[in-house]
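The chain contents come next:
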Amino acid sequence: MKKKRAQWQVKLRRSNYTVHKENEFVAQVILAGSYEMDDVIARITANGSNGLSREILRAAVGQLMDGIIDCLMDGIAVNLPIGRLTPAVSGIWQTQRRFDSTVRAQNEAFINYSMGPRLRKALADPLLDAVSAVGGRRLHIFSVEDGASQTTNERLTPGGMLILHGTMLLMNGDLPERGLYFINAETGEAVCHILAEKLSINTRSKIITLIPHDLPAGRYRLRIVSQCTTSPRPMKQAASYTMAVELVCGEEGKI
C-alpha cells in the first residue's frame, strides 16, 4: 500500500521580522477545509469499510472526549497518538501575595500540546506546493468541489458537476492543449482531456464542467493547461499546473 504523504498548499507573504532578509518570505498553509468531529466521523464511515456505523462511532468518540477532558481537569497529562496534552497555567504569582484572590485571578488554565511520534513521522516528508510567486500570480487550482458527493478535494463522481477554484484558469488563446486533464495518480498518464471549449463556465478564477460519465475508478490528479495572463493578451505558450491532491473516483475500497 502506497504511503500517504502530507500534501499542503502554501501561500507566501513578506516577513515582518527584521531578522529576516529582504527577499525572505513566510509560508502560510492554505487549509483545504475545516472539520468538526461529526465531519471526521462521516469521512471515516463513508464507505462502511471500518465495520462501525456512524452512530456507534460518534457515541464512542464522545465518551473518549469526555474521558480526556475529565483527566485534564484532574491535572492528568494525556498521551494520544497525535501528541501529548499537558495541563498548564499562564502568568506568574507574586510569592508574597500567593493567597490573594486578585493575584490568583491573573492566572488562566490552558493545555500545552506537543506533537507525538506517530504524527511527527507522518509529517516527516511533506509535499508542499507554493500557490504563487510573490509579486505576481500564476496558474493554480485552489480547490475542487464534487457536486454529487458534496465534498472538496476528495472525490470525483462520473457524470456529476465539477467546480474548480483557482487563478489564471481562463481559456483564452487557441492552443489545442488547453483544457482540463484527469491524470492517473499511479501512472501519471492522462486518462481524459476536457477541451477548453467544452467547459460549461470558464473565468480566471472558476471552472465548472461535467466529469466524464465513463471515467474509470481510480485515483486522479487534475491538470490545467492555460494561456491566461493578467492582461487580455494570452501567452504564446501554454502553462501547465497539476494539483498535488489525489481525488478518488469510484468506491475507495474497490480501487
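As a reminder, the structure under discussion sits directly above these lines.
Residues numbered from 1 in each chain as written. Predicted model: local features only at pLDDT ≥ 70, side-chain atom pairs only at ≥ 80, totals over all residues. Heavy atoms only, no water.

Asker: Which parts of the structure should I look at to understand the nonpolar core?
Answerer: Considering soluble globular proteins, one finds that nonpolar side chains tend to be buried as a cluster. Judged by nonpolar contacts, the single largest core of 27 residues is most densely connected at Leu156, Leu162, Phe182, Leu222 and Ile224. Those elements that place two or more of their residues in this core are strand 7 (140-146), strand 10 (161-167), strand 11 (179-184), strand 12 (190-195), strand 15 (218-226) and strand 17 (247-249). Top element by residues in this core is strand 15. It accounts for three residues. Excluding residues within four positions of it along the chain, Ile224 makes contact with Leu139, Ile141, Leu169, Met171, Gly179, Leu180, Ile207, Ala239, Ser240 and Tyr241. (Core = buried A, V, L, I, M, F, W, Y, C linked by side-chain atoms within 4.5 Å. Buried < 20%, exposed > 50% of the residue type's maximum accessible area, 1.4 Å probe, protein only. Helix = DSSP H or I, 4+ residues; strand = E, 2+ residues; numbered from the N terminus. Contact = heavy atoms within 4.5 Å.)

Asker: Got a minute to help me understand the side chain of His140 in this structure?
Answerer: By the element assignment, His140 lies in strand 7. Side-chain polar atoms of His140 contact the side chain of Tyr241, separated by 3.4 Å. (Polar contact = N/O pair within 3.5 Å; in protein donor to acceptor, adjacent residues only side chain to side chain.)

Asker: Sorry, what's going on with the sheet that holds strand 5 (residues 109-115) here?
Answerer: Within a sheet, each strand pairs with its neighbour through backbone hydrogen bonds, oriented either parallel or antiparallel. What the three strands build is an open sheet, ordered 3-4-5; its pairing is antiparallel. What marks the edges here is a single partner per strand, and that holds for strand 3 (78-80) and strand 5. Across the sheet, the mean angle separating the axes of adjacent strands is 25 degrees when strand polarity is ignored. Of the pairings in the sheet, the one linking strand 3 to strand 4 (residues 83-89) comprises three bridges and is antiparallel in character. Across the sheet, the residue bridging to Val78 is Leu85, located in strand 4. Seen against the sheet, helix 2 (residues 54-73) touches strand 3, strand 4 and strand 5 and runs at an angle of roughly 145 degrees to strand 3. (Pairing = 2+ DSSP bridges. Axes fitted to C-alpha atoms, helices over the stretch in contact; angles between N-to-C directions.)

Asker: Help me understand helix 2 in this model?
Answerer: Spacing of three or four residues puts side chains on the same side of an α-helix, whose turn is 3.6 residues. The end-to-end C-alpha distance of helix 2, which contains 20 residues, comes to 28 Å, matching closely the 28 Å that a straight helix rising 1.5 Å per residue would cover. Burial in helix 2 covers these residues: Leu57, Val61, Ile68 and Leu72. Viewed along the axis of helix 2, the buried residues span an arc of 40 degrees, placing them on a single side of the element. What points out from helix 2, more than 90 degrees from its buried face, is the exposed set Glu55, Ile56, Gln63, Asp66 and Met73. Buried residues in helix 2 make contact with helix 1 (37-44), strand 3, strand 4 and strand 5. Following helix 2 by one or two positions, Gly75 has its phi on the positive side, about 80 degrees. (Expected span 1.5 Å × (residues − 1). Arc of directions from axis to C-beta.)

Asker: Help me understand the pattern of salt bridges, please; the structure alone is not making it clear to me.
Answerer: Opposite charge on two side chains allows them to pair when their charged atoms are near. Within the structure shown, the criterion is met by four salt bridges. In this structure, Arg58 and Asp38 form a salt bridge, with 3.0 Å as the shortest nitrogen-oxygen distance. Taken together, the residues span a long stretch of sequence, with Arg58 in helix 2 and Asp38 in helix 1 at a distance of 20 residues. Judged by its relative accessible area of 41%, Asp38 is partly exposed. Notably, a salt bridge pairs Arg221 with Glu246, separated by 3.2 Å at the nearest N-O pair. On the criterion of sequence distance, the pair formed by Arg221 in strand 15 and Glu246 in the loop between strand 16 (239-242) and strand 17 is long-range, its members being 25 residues apart. Glu246 shares its class with Arg221; the two are buried. Via salt bridges that share partners, Arg219, Arg221 and Glu246 belong to a single interconnected network. (Salt bridge = Lys/Arg side-chain N within 4 Å of Asp/Glu carboxyl O.)

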